[in-house]
Amino acid sequence: QPLQFYTLGLTPILFKMATLTLAKVSELAPGSDIRELTVLEASGKDFEKIDDLSPCVELKRLNLAKNKLAVLTGIAHNESLTYLNISNNRLRSLNGVGRMFKLRVLNASHNQLVHVNHIVPLHDLQALVLSNNALKDIDSLKPLVKLNTFVASHNKLEAAAFLSGLTELTKVSLSHNSMHTVPDLSASRHLKEIRLNDNKLTVLPSTLALNRHLCLLDLGNNAIHSFDNIAVLAEHKYLQNVNLKGNAITALPDYHERMLALVPSLVILDGQRVPEKPKTPRAPDHHQKSRKKRSRSAQQAGESEAAPEDDADGDDDSSEEQGQEEEEGAGRNEEKGPKLKATPSKQPHKSKTESAQPGPASKLTTSTHETHEESTKSKRTKLEAKEKTDPAARPHPGQQQQQQ
């Protein structure tokens, strides 16, 4: 019912409570059938109450953030929801959410929650955000074994024992609480991010070595004062981001050098990027050069034996090779295969009679010339025979002169 307030003249002034009704749903999703509506954005509308939204049977995503809601009974029967954002409201409990068995993501941060017992039956929940509330105990969440993301920062927690049974956890944040010890996370073998800043921690447990895939660890503003208290970090090969700012350990001599020696994989330390180490140039491999030179010599020796066969086929590339340097020839060998490069060799002095004798090159030239003449004569003989048998094939006198 509308609230009534009276002024000094006793004249009633009516104030209507902002309510999310089905008619309002139609306004927020114009042109949609509320029975087929799957997504509803209703954040920042100053709603204080929700009417029964059970007719929205297909609703899967609902955003009610930044309103003034104190109860959630209006959505208690929307059991098809998989995503629910009720952050930044005035909720003291999560009554009305307990039958949303298909829920995968729940954001209930920035409320006034003192317990979370109503969400215990939601066994398929994967991401749960409960930051900025008044929680002191969350061990009732033990049945939520499918959680991969859990955020409960800015509460009044002193422990989180239920985390010891979570095997699929990849991200956890318990910063700004009152924790004296790191919770047991040994079952979370896929854990990548841990945020425990602004607590009362003094030492890291040896069981943290089991979280081998850890990439980010925030321990800022705690009570860690010795490298012995964080020795377990040496077991993490993938750890890239560590924050210890606000701990006494950062005042120790050679703190940065010792941290980089402890965790060589670090990229960011205390919010600052770690300078890259200068790369040392590789020393030349003289043995490899020797092997390449021997291999090239063997290839040239093998091709020199096959050279006469190549010449017989008429593929003579020696004139091109003589104009190239040895390095260019080696580069070409990788693409086209090895080729022979002519090198001068010292020969004993020959007499005029011996030098007049034709060598292998002159013999090859003579043989090639004779082969060309025989081929020309053979063509002429065939042409004359064809002219005798077929007078029409005889060439015109002008053509005959041109051919001659």
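Residues numbered from 1 in each chain as written. Predicted model: local features only at pLDDT ≥ 70, side-chain atom pairs only at ≥ 80, totals over all residues. Heavy atoms only, no water.

Asks: Could you give me a rundown of the pattern of salt bridges, with the residues and numbers involved?
Replies: Enumeration over the complete set of coordinates arrives at 6 salt bridges. Two residues, Lys24 and Glu27, come together in a salt bridge whose shortest N-O distance is 3.4 Å. On the criterion of helical spacing, the pair formed by Lys24 and Glu27 is a turn pair, its members being 3 residues apart in helix 1 (residues 22-28). We note a salt bridge from Arg35 to Asp33, for which the minimum N-O separation is 3.2 Å. The exposed category is assigned to Arg35, whose relative accessible area is 54%. What you see here is one network of salt bridges that share partners, running through Arg104, Asp124 and Lys146. (Salt bridge = Lys/Arg side-chain N within 4 Å of Asp/Glu carboxyl O. Helix = DSSP H or I, 4+ residues; strand = E, 2+ residues; numbered from the N terminus. Buried < 20%, exposed > 50% of the residue type's maximum accessible area, 1.4 Å probe, protein only.)

Asks: Report on the nonpolar core, specifying residues and quantitative values.
Replies: In this structure, Leu128, Leu141, Phe150, Leu163, Leu174 and Ile230 are the most contacted members of the largest nonpolar core, which totals 78 residues. Examining the composition of this core, we find that 3 residues originate from one element, helix 2 (residues 255-262), more than from any other. Apart from residues lying up to four places away in sequence, Ile230 is in contact with Leu204, Ile224, Leu244, Ile249, Met259 and Leu262. (Core = buried A, V, L, I, M, F, W, Y, C linked by side-chain atoms within 4.5 Å. Contact = heavy atoms within 4.5 Å.)

Asks: With reference to specific residues and values, describe the confidence of the model for the protein chain.
Replies: Mean pLDDT over the protein chain: 81, with 65% of residues reaching 70 or higher. Scored below 50 in pLDDT, residues 304-366 makes 29 contacts in the model with residues more than four places away or belonging to other chains. (pLDDT = per-residue confidence, 0-100.)

Asks: Explain the sheet that holds strand 7 (residues 83-85) residue by residue, including any values.
Replies: Across the sheet, 12 strands lie side by side as 4-6-7-8-9-10-11-12-13-14-15-16; this open sheet has mixed pairing. Among the strands making up the open sheet, the edge pair consists of strand 4 (39-41) and strand 16 (272-273). The pairing of strand 6 (residues 61-63) with strand 7 spans 3 bridges and is parallel. Note on strand 7: the bridge partner recorded for Asn63 is Asn85. (Pairing = 2+ DSSP bridges.)

Asks: Any chance you could break down the environment of Leu262 for me, citing the residues and the numbers?
Replies: By secondary structure assignment, the location of Leu262 is in helix 2. Accessibility expressed as a relative area gives 19% for Leu262, which makes it buried. For the pair Leu262 and Ala234, spaced 28 residues apart in sequence, the C-alpha to C-alpha distance is 5.3 Å. Discounting chain neighbours no more than four positions away, the residues touching Leu262 are Phe227, Ile230, Ala231, Leu233 and Ala234.

Asks: So what's going on with helix 2? Which residues, and what values?
Replies: For helix 2, the full list of buried residues reads Tyr255, Met259 and Leu262. Along the long axis of helix 2, the arc covered by the buried residues comes to 65°, so they all point the same way. Within helix 2, the exposed residues directed more than 90 degrees away from the buried face are Glu257 and Ala261. Contacts made by the buried residues of helix 2 are with strand 14 (241-243) and strand 15 (268-269). (Arc of directions from axis to C-beta.)

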